[in-house]
Amino acid sequence: AQSVTQLDSHVSVSEGTPVLLRCNYSSSYSPSLFWYVQHPNKGLQLLLKYTSAATLVKGINGFEAEFKKSETSFHLTKPSAHMSDAAEYFCVVSDLNNNDMRFGAGTRLTVKP
Amino acid sequence: EPEVTQTPSHQVTQMGQEVILRCVPISNHLYFYWYRQILGQKVEFLVSFYNNEISEKSEIFDDQFSVERPDGSNFTLKIRSTKLEDSAMYFCASSFAGGDDGNTEAFFGQGTRLTVV
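None of the values given here were measured: they were computed from a predicted structure.

Another point: a nonpolar patch on the surface. Residues and elements named next belong to chain B. A cluster of nonpolar side chains, namely Leu-30, Tyr-50 and Phe-96, defines an oily patch on the protein surface of about 260 Å² accessible area. Mapped onto the secondary structure, Leu-30 falls in the loop between β3 (19-24) and β4 (31-37). Assessed through its relative accessible area of 41%, Leu-30 is described here as partly exposed.

Written out as structure tokens, the structure reads:
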């Protein structure tokens with residue numbers, strides 16, 4: 001079965017500095033990988049997804065992630081953090097052969113002024 | 001833009017009571033899911049549903065839980081006899097496809113916060 005490990009439960013950055021949220025996955029088959037964001041009292045919004053096309057994936061709000069099969073990683077990055085980026089971020093893996101998506105534990109991103 | 005809608009947004013129920021959480025998936029989607037997030041914990045998969053039957057379920061989804069697509073638009077999660085530990089945010093999601101066509105993105109609803117007292 002597939003699984004995801006988010007290496008940091010909490011990341012704190014200053015506004016305007018780069019963001020790195022780390023994610024490693026385990027999957028028996030070719031995985032689909034996603035990053036979702038959850039703002040306080042809101043639902044889950046898709047940031048970006050990887051589904052066996054280009055390994056560098058660009059998402060909304062300036063976020064991007066790179067699929068590295070050799071490292072089984074799918075880290076989320078953004079060159080310059082904005083205050084509105086403060087939220088909980090979830091890395092998610094889904095095998096192409098089944099339909100259940102497995103969530104990581106989440107990383108809380110704090111952005112300081 | 002099409003979206004998944006869930007009702008109610010918040011439900012309070014007494015322990016032992018039955019609750020039904022309702023979801024309206026995106027209209028042309030074929031796969032439906034329920035997830036839950038206990039306060040302060042990770043989002044957990046409960047069940048996936050396709051072609052009018054459960055395609056996958058987790059160990060959490062025991063006999064207390066059931067899902068149904070009673071008509072062409074609604075997708076419901078029923079908890080037969082609620083326990084205190086069922087208190088959580090429950091998310092419904094739907095996707096157009098679940099196979100290798102690259103279109104496996106799941107769209108999530110805003111969630112229903114269930115409080116069992």
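Having seen it, we continue.
Tallied over the full model, the rule gives two disulfides over all chains. Between the sulfur of Cys23(A) and that of Cys91(A) lies a disulfide, 1.9 Å long from S to S. Sign of the S-S torsion, about -65 degrees for the bond between Cys23(A) and Cys91(A), identifies this disulfide as left-handed. Residue Cys23(A) is found in strand β4 (residues 23-26), and its partner Cys91(A) is found in strand β10 (residues 87-95); the two are separated by 68 residues along the sequence. Taken individually, Cys23(A) and Cys91(A) each receive the classification buried, so the pair is uniform in this respect. Disulfide pairing is shown between Cys23(B) and Cys92(B); the S-S distance is 1.9 Å. An S-S torsion of about -65 degrees defines the bridge between Cys23(B) and Cys92(B) as left-handed. Taken together, the residues Cys23(B) in strand β3 and Cys92(B) in strand β9 (residues 88-95) connect sequence positions 69 residues apart. For the residue pair Cys23(B) and Cys92(B), the accessibility class agrees, reading buried in each case.

So, on to the pairing of strand β2 (residues 10-14) of chain A. Residue and element names in this part refer to chain A. Burial of β2 is one-sided: the residues Val-11 and Val-13 facing one way are buried, the residues His-10, Ser-12 and Ser-14 facing the other way are not. As defined by bridge partners, β2 adjoins strand β12 (residues 107-112) across five bridges and the pair is classed as parallel. Bridging across to β12, His-10 finds its partner in Arg-108.

So, how was this worked out
- Residues numbered from 1 in each chain as written.
- Chains lettered and ligands numbered in written order.
- Predicted model: local features only at pLDDT ≥ 70, side-chain atom pairs only at ≥ 80, totals over all residues.
- Heavy atoms only, no water.
- Patch = residues over 30% accessible without salt bridge, like charges linked within 9 Å, V, L, I, M, F, W, Y side chains within 5 Å.
- Areas by Shrake-Rupley, 256 points an atom, 1.4 Å probe, with all protein chains shown as cover.
- Salt bridge = Lys/Arg side-chain N within 4 Å of Asp/Glu carboxyl O.
- Helix = DSSP H or I, 4+ residues; strand = E, 2+ residues; numbered from the N terminus.
- Buried < 20%, exposed > 50% of the residue type's maximum accessible area, 1.4 Å probe, protein only.
- Disulfide = S-S within 2.5 Å.
- Pairing = 2+ DSSP bridges.

Without other data, these values stay purely geometric and don't point to any function.
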